[in-house]
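# Summary of the model geometry
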Amino acid sequence: MGCFVSTLKDTGGNRRRPANIGDVTVFVPGLRIPKPANFSESLGDHLSKSLVERLSALRTRIVVMAGQEAPTITRTRRKTATQHGGSTLGDLLQALEDYLPVLLGLVKDGSPLQHKVQFVWINQEDEAEETEMYSAWYEVLSVLHLMATLSLSQANLLLLPRTSVDGYQPKLSEESRRSSVDVFLKAAGYLDCAVRHVLPQLPDELRRNLPVDLAEGVLRALCLQALGQGVDIQLGLAIDSTKATLAVKRRLACEMVKYWQQAQDNIMNLPLGNGWGEKHRLFVKWKYVEAKSAAYYYHGLILDEGNTEKSHGMAVAALQAADEYLKESNKASEAFHASVPLSRNPPLWGTMKYLSEKIPKDTNSKARTNEDLYSHDKIMEAAPTLPDFALALKPDEYQLPPVDLSWNQEPQKSR
């Protein structure tokens, strides 16, 4: 069976942890970087030389690219977002897609070859600096995780506001926002496939000893937050649309709350430790509170359309809750960006730019009593229950590709 070794190094040189990751709109997990694998020594007696060389070449390409480009990928800035970074992500993603069909030959029909090669990946979020396993399924899982990471990084680049030609406040095009939703769904698809189709292939012993950034809870949380951010973009587009009703906006905001709540539930009790893992937890907390602010705001506006004293009272309570959550989200945002690795919040845009202006204004205008008389606890206690909507946004249905045809021409050797 596949053996594993997790090692904790005295020096952090191999881990390549950046101290500052620049502007962050989308949380991108710590980049997992592969180390070289010796296919010739492990598979030379079992596969043809040409197939061994092809496996080696495809993986070496990924090792080199990931190692060289890690600083570019993790340290995003608005001014370079459409230059080197975009092509880097696309090239590395293509290299992973080229490798995967050939790699899957090692696990075809339960082949014992899946336990022949030692695969080593450097971890960013786990206390152990690198994890080694004699398991091709571990390699497949790591590849899917990296594909999702690159997609989330792509989405972050798409959602960094660009300085407009007139020199005024940075703006974000509708095209970039719509494109980002597709990228979020793609990332969610990779992660959903990893959880449903790859993790079950690993024996319990290996699953227990996966690095924390490959733990099922972390993978599920990343999938859910990709969907949550996709809904956030949809809500922002609805806010900009004259055709979107309050009911549509409330539904999107309430769905967003559920995605972020589920993401938080998945990582709440995981030993993420300090550093990148803790930053991940802080991001989910921030976005969960932010989503509740939006949901209570739109719920309050709809309640205020009622003609009874009770509905107006509930509306005021909902708007006050929205205002409290907005204040809490600002604090959560500061905590996230101040945690290591440091990051910066780009200028407000989209949903939160609109709501940060509207919530305090509408709360003050609707409330007839002095808000100073109410404590945070009393406001939260009076807040009405949010409506429960079924979640509409789903991950792309990504499936592992067919095994590369080169395996069909492989001569039968003793395995």
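Rules behind the numbers
- Residues numbered from 1 in each chain as written.
- Predicted model: local features only at pLDDT ≥ 70, side-chain atom pairs only at ≥ 80, totals over all residues.
- Heavy atoms only, no water.
- Helix = DSSP H or I, 4+ residues; strand = E, 2+ residues; numbered from the N terminus.
- Buried < 20%, exposed > 50% of the residue type's maximum accessible area, 1.4 Å probe, protein only.
- Contact = heavy atoms within 4.5 Å.
- Areas by Shrake-Rupley, 256 points an atom, 1.4 Å probe, with all protein chains shown as cover.
- Salt bridge = Lys/Arg side-chain N within 4 Å of Asp/Glu carboxyl O.
- Phe/Tyr/Trp six-rings, centres within 6.5 Å; stacked < 30°, edge-to-face > 60°.
- Lys NZ or Arg CZ within 6 Å of the ring centre and 35° of its normal.
- Axes fitted to C-alpha atoms, helices over the stretch in contact; angles between N-to-C directions.
- Parallel < 35°, antiparallel > 145°, perpendicular 65-115°, else oblique.
- Left-handed = near helix turned anticlockwise from the far one by under 90°.
- Nonpolar A, V, L, I, M, F, W, Y, C, P; charged D, E, K, R; others polar.
- Polar contact = N/O pair within 3.5 Å; in protein donor to acceptor, adjacent residues only side chain to side chain.
- Pairing = 2+ DSSP bridges.
- pLDDT = per-residue confidence, 0-100.

## Re the overall build of the protein
- Check the secondary structure of the protein and you find 12 helices and six strands.
- Of all 415 residues assigned to the protein, the portion counted as buried reaches 55%.
- Partitioning the intrachain contacts of the protein with sequence separation of at least 6 by distance along the chain shows that 81% fall at a separation of at least 24.
- Of the roughly 18400 Å² that the protein leaves accessible, carbon and sulfur atoms contribute 49%.

## Things to note about the pattern of salt bridges
- Throughout the structure, instances matching the rule amount to 19 salt bridges.
- For the salt bridge of Arg-344 with Asp-23, the shortest nitrogen-to-oxygen distance reads 3.3 Å. Of this pair, Arg-344 sits in strand S6 (residues 342-344) while Asp-23 sits in strand S2 (residues 20-23), and the two are 321 residues apart along the sequence.
- A salt bridge links Arg-207 to Glu-216; the shortest N-O distance between them is 2.8 Å.
- In this structure Glu-216 comes out as partly exposed when scored by relative accessible area, which is 29%.

## What to know about the packing of aromatic side chains
- This model, assessed by the stated rule, comprises 10 aromatic pairs.
- Ring geometry for Trp-286 against Phe-336: centres 5.5 Å apart, planes inclined by 35°, an arrangement best described as tilted. Taken as a pair, Trp-286 in helix H9 (residues 276-303) and Phe-336 in helix H10 (residues 309-338) lie far apart in primary sequence, 50 residues in all. Just as Trp-286 is buried, Phe-336 falls in that class too.
- Relative to Tyr-298, the ring of Tyr-297 lies with its centre 5.0 Å away and its plane at 70°, an arrangement referred to as edge-to-face.
- Note on Tyr-298: relative accessible area 1%, which makes it buried.
- Here the guanidinium or amino end of Lys-279 rests over the ring plane of Phe-336, the centre of that ring lying 4.1 Å away.
- Its guanidinium or amino end placed over the ring of Tyr-288, Lys-292 lies 4.3 Å from that ring's centre, counting from NZ or CZ.

## Comments concerning the side chain of Thr-351
- Within the secondary structure layout, Thr-351 lies in helix H11 (residues 350-366).
- Those residues in contact with Thr-351, other than ones at most four positions away along the chain, are Asp-232, Leu-235, Gly-236 and Ile-239.

## Some points on the packing of H9 against H10
- At a minimum axis separation of 7 Å, H9 and H10 run at an interaxial angle of 160°. In terms of their interaxial angle, H9 and H10 are classed as roughly antiparallel. For the pair H9 and H10, the crossing hand works out as left-handed.
- Residues of the contact of H9 with H10, tallied by class, amount to 19 nonpolar, six polar and four charged.

## Thoughts on the environment of Pro-271
- Relative to the helices and strands, Pro-271 resides in the loop between helix H8 (246-267) and H9.
- According to the relative accessible area criterion, Pro-271 is exposed, its value standing at 67%.
- For the pair Pro-271 and Val-212, spaced 59 residues apart in sequence, the C-alpha separation works out to 7.5 Å.

## Description of the side chain of Gln-114
- Along the chain, Gln-114 turns up in the loop between helix H3 (84-103) and strand S4 (119-122).
- Polar side-chain contacts of Gln-114 include one of 3.0 Å to the backbone oxygen of Ser-111.
- For Gln-114, the contacting residues outside a window of four places in its chain are Leu-106, Val-107, Tyr-134, Ser-135, Ala-136 and Trp-137.

## Comments concerning unusual backbone geometry
- The amide bond that connects Val-340 to the next residue, Pro-341, takes the cis arrangement and shows omega of 0°.
- Mapped onto the elements, Pro-341 comes out in the loop between H10 and S6.
- Residue Asp-109 is not a glycine yet carries a positive backbone phi of 55°.
- Residue Asp-109 is classed as exposed on the basis of its relative accessible area of 76%.

## Considering the pairing of S4
- Going residue by residue along S4, you find Phe-119 and Trp-121 tucked away on one face and Val-120 and Ile-122 tucked away on the opposite face as well.
- Bridge count for strand S3 (residues 33-34) against S4 is two bridges, and the pairing is antiparallel. Across the sheet, the residue bridging to Ile-33 is Ile-122, located in S4.

## Concerning the packing of helix H4 (residues 136-158) against helix H5 (residues 174-198)
- Where H4 meets H5, the closest approach of the two axes is 9 Å, and the angle between their N-to-C directions is 165°. The orientation of H4 with respect to H5, classified from their angle, is roughly antiparallel. Between H4 and H5 the crossing geometry is left-handed. Here Trp-137, Val-140, Leu-141, Leu-144, Met-147, Ala-148, Ser-151, Leu-152, Gln-154, Ala-155 and Leu-158 of H4 lie close against H5, whose contacting residues are Ser-176, Ser-179, Ser-180, Val-183, Phe-184, Lys-186, Ala-187, Tyr-190, Leu-191, Cys-193, Ala-194 and Val-198.

## Some remarks on the confidence of the model for the protein
- The pLDDT averaged across the protein works out to 85; a share of 83% of its residues lies at or above 70.
- Low confidence marks residues 1-14, where pLDDT is under 50. Its contacts with residues over four positions away, or in another chain, come to 37 contacts.
- Within the model, pLDDT remains below 50 along residues 369-373, and this stretch shows five contacts once partners closer than five positions in the same chain are excluded.

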